[in-house]
Amino acid sequence: MILYLSDNFFHYEAGNLFRLFFPYDELKETIDTNDVVEGEDYIKAIYGDDECSCEIFRKGEHHKKVMKITDLSDKEYNITNTIFLCFTEFCGYVPKWGMLTGIHPVKLYCGYVNKYGEEEAIRLFEEKYYVSEEKTEFCRKIGGVQNPIVEAVEENDFSLYISIPFCPTRCAYCSFVSQSIEKQKKLIEPYVEKLLEEIEYTAKVVKETGLRLISAYMGGGTPTTLNPDQLRRVIEKVYECFDMSSCHEFTVEAGRPDTIDKDKLDTLRSLGITRISVNPQTLQDNVLENIGRKHTAQDVVDAYNLARECGMDNINMDLIAGLQGDTYESFVDTLEKVFKLNPENITVHSLALKRSARIFHEQETQDYHNNRNLADDMIDYSVKRLTEEGYEPYYLYRQSRMVGNLENTGWAKPGTVCAYNIYTMDESQTVIACGAGGVTKLKDPYSDRLERIFNFKYSYDYLDRFDEVISRKDGIKELYEQFRQRIR
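The structure presented is a predicted model; accordingly, all values stated were derived computationally and were not measured.

A. Summary view of the overall build of the protein. Broken down by element type, the protein carries 16 helices and 18 strands. What you see for the protein is a C-alpha radius of gyration of 23 Å, in line with the 23 Å of a compact globule of 488 residues. Expressed as lengths along the three principal axes of its C-alpha atoms, the size of the protein is roughly 65 × 60 × 45 Å. In the protein, buried positions account for 57% of the 488 residues. Once local pairs closer than 6 in sequence are excluded, the contacts in the protein between residues at least 24 apart make up 72%. Accessible surface, the protein: about 21,000 Å² in total, of which carbon and sulfur atoms supply 46%. If the 59 positive side-chain charges of the protein are averaged to one point and the 82 negative ones to another, these points end up 2 Å apart.

B. How the structure looks around helix α4 (residues 118-128). Among all positions in α4, only Ala121, Leu124 and Phe125 are buried. In an axial view of α4, the angular spread of the buried residues amounts to 95°, which keeps them on one side of the axis. For α4, exposure combined with an orientation more than 90 degrees from the buried face picks out Glu119 and Glu127. Packed against the buried residues of α4 are α3 (105-116) and α5 (133-151). Backbone geometry just after α4 places Tyr130 at a positive phi near 65°.

C. Quick look at the state of the cysteines. Overall, the coordinates contain zero disulfides when judged by the stated rule. Of all cysteine sulfurs in the structure, the one in Cys54 sits closest to Cys86, which takes part in no disulfide; the separation is 3.7 Å. No disulfide involves Cys110; its nearest neighbouring cysteine sulfur is the one of Cys139, lying 7.8 Å away.

D. A look at the sheet that holds strand β3 (residues 42-47). The mixed open sheet is built from five strands, whose spatial order is β2-β1-β3-β4-β5. With partners counted over all chains shown, the strands left at the sheet margins are β2 (28-30) and β5 (61-68), one partner each. When the angles between neighbouring strand axes are averaged without regard to direction, this sheet yields 10°. As judged from the four bridges shared by strand β1 (residues 2-5) and β3, these two strands associate in the parallel manner. The residue bridging Leu5 from the neighbouring strand is Ala45, located in β3. Set on the sheet, helix α1 (residues 11-21) makes contact with β1, β2 and β3; between it and β1 the angle comes to about 145°. Helix α2 (residues 75-91) rests against β3, β4 (51-58) and β5 of the sheet, and its axis sits at about 35° to β4.

E. How the structure looks around the pattern of salt bridges. One pass over the full model with this rule turns up 36 salt bridges. The partner of Lys107 in a salt bridge is Glu427, with the nearest N and O atoms 2.8 Å apart. Of this pair, Lys107 sits in helix α3 while Glu427 sits in the loop between α14 (419-426) and β16 (430-434), and the two are 320 residues apart along the sequence. The class of Lys107 is partly exposed, set by a relative accessible area of 34%. You can call Glu427 buried: its relative accessible area is 13%. A salt bridge links Lys337 to Asp333; the shortest N-O distance between them is 2.9 Å. Of this pair, Lys337 and Asp333 both sit in helix α11 (residues 328-341), four residues apart, which is roughly one turn of that helix. The class for Lys337 is partly exposed, based on a relative accessible area of 37%. One network of salt bridges, with partners in common, ties together Lys96, Glu134, Lys135, Asp376, Asp380 and Glu407.

F. Just the packing of aromatic side chains, in detail. With the rule as written, the count across this model stands at 29 aromatic pairs. Relative to Phe483, the ring of Tyr480 lies with its centre 5.2 Å away and its plane at 70°, an arrangement referred to as edge-to-face. Taken together, the residues Tyr480 and Phe483, both in helix α16 (residues 466-485) and three residues apart, mark about one turn of the helix. Judged on exposure class, the residue Tyr480 and its partner Phe483 are both buried. Positioned over the ring face of Tyr77 is Lys128, at 4.9 Å from the centre of the ring.

G. Spatial organisation of the nonpolar core. Ranked by internal contacts, the top residues of the largest apolar core, which has 130 residues, are Phe87, Leu160, Ile162, Leu195, Val234, Phe242 and Ile276. By residue number, the principal contributor to this core is helix α6 (residues 181-209), which donates ten residues. The contacts of Val234, once residues within four sequence positions are left out, are Ile162, Val192, Leu195, Leu196, Ile199, Met218 and Leu226. Residues Tyr217, Tyr394, Ala412 and Val431 belong to the second largest nonpolar core, which totals 14 residues.

Thresholds, definitions, all that
Residues numbered from 1 in each chain as written. Predicted model: local features only at pLDDT ≥ 70, side-chain atom pairs only at ≥ 80, totals over all residues. Heavy atoms only, no water. Helix = DSSP H or I, 4+ residues; strand = E, 2+ residues; numbered from the N terminus. Rg over C-alpha atoms; globule rule 2.2 N^0.38 Å. Buried < 20%, exposed > 50% of the residue type's maximum accessible area, 1.4 Å probe, protein only. Contact = heavy atoms within 4.5 Å. Areas by Shrake-Rupley, 256 points an atom, 1.4 Å probe, with all protein chains shown as cover. Lys, Arg positive; Asp, Glu negative; His and termini not counted. Charge placed at Lys NZ, Arg CZ, Asp CG, Glu CD. Arc of directions from axis to C-beta. Disulfide = S-S within 2.5 Å. Pairing = 2+ DSSP bridges. Axes fitted to C-alpha atoms, helices over the stretch in contact; angles between N-to-C directions. Salt bridge = Lys/Arg side-chain N within 4 Å of Asp/Glu carboxyl O. Phe/Tyr/Trp six-rings, centres within 6.5 Å; stacked < 30°, edge-to-face > 60°. Lys NZ or Arg CZ within 6 Å of the ring centre and 35° of its normal. Core = buried A, V, L, I, M, F, W, Y, C linked by side-chain atoms within 4.5 Å.

Listed below in structure tokens is the structure:
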């Protein structure tokens, strides 16, 4: 579809709104009217002298919306508001998150609360951005849990992220940069060796910069694709090189049950890991098969019980609403089975289909978008039941092309939240990343400035260009010097 814009100034938000309503349509943006060919699907968004208009022609249907300009100081909102209202009328529904397309709505809400107060923040969400009352209240509740944890962060605090970009197989919905060990097994040991070097050099830079480690997180991928010796070497390197005296949590995503065994769990437990994940995504065997998993629902239960036997007392379980072949009844069944296991944390994701995911290219893709009501019902049920079971929502984030334009939410029993997840979602703290695909995010403690340092995405690039990975770590010290110069 062609998206014609009279002014390229608002192309980013216009494109995001387009993907919100038509996530699987191809989009070509233009400011040249000659690109709009009669008979082809198009959207025209025009900012005039005293009014904005949006016109859409798609699959033989046509609609146009015209809005008077009432606030000349907010040009972007005038046009995006017109586009949004045109799309809602054309499609016949208003997304529960309204016209918000950003990843961190809780952060936006809390920013408004700090600037204008809670009453005005609620009004802006519901009246200006068309966010539903229920999602606005969700932001308010999560913000209340996050605020004390965020406010306790000191200016030199940071979290450490360690990336293990390998999985037993690649799930059909996955767009992460992790590689299947079926194809990449020979890279794992060389990768671990270089990762140990990066951890050691990063710790040196951190010490010179005067930063204090308060949480650590090993993710992926699936970290437990490493064998017990490799896991031990990586974690022991962290303890050897960093001052862990202020580190109050260390999470390892055990994740896939087909990578979990007693030796690995005993290794993690002996090294002081405080939290792990055992992630089923679903406890329906047919759905597991659909998404490309090689294990059964019973394997998940067995892995969870083994983790408890090995002394793990803070376990997270991930679920996904909207998976291929899942019904409302089977999702309910999965959630109720998870409650019987009684994990401390449950994270409920809404399926997000990225272009690099296998399932995006399959015929069923459009069905997911059309089935947004089913995903919405699943999420609504999870919110109701998790609340009844004594869990509280403590972090939330959103992705593009999510079924039903919904959200991913982490739930925890009181006193068991993962602070690392809050830090990353709120972007209130520096996170330093080691490993392929890792992104270091340096938060200026004296402003809203956030600087990023990227590692190479793929393990083979990480190995081939490792000297560059190491040299980029020097940027941590350089950027903190810039941050601190502002207050001298």
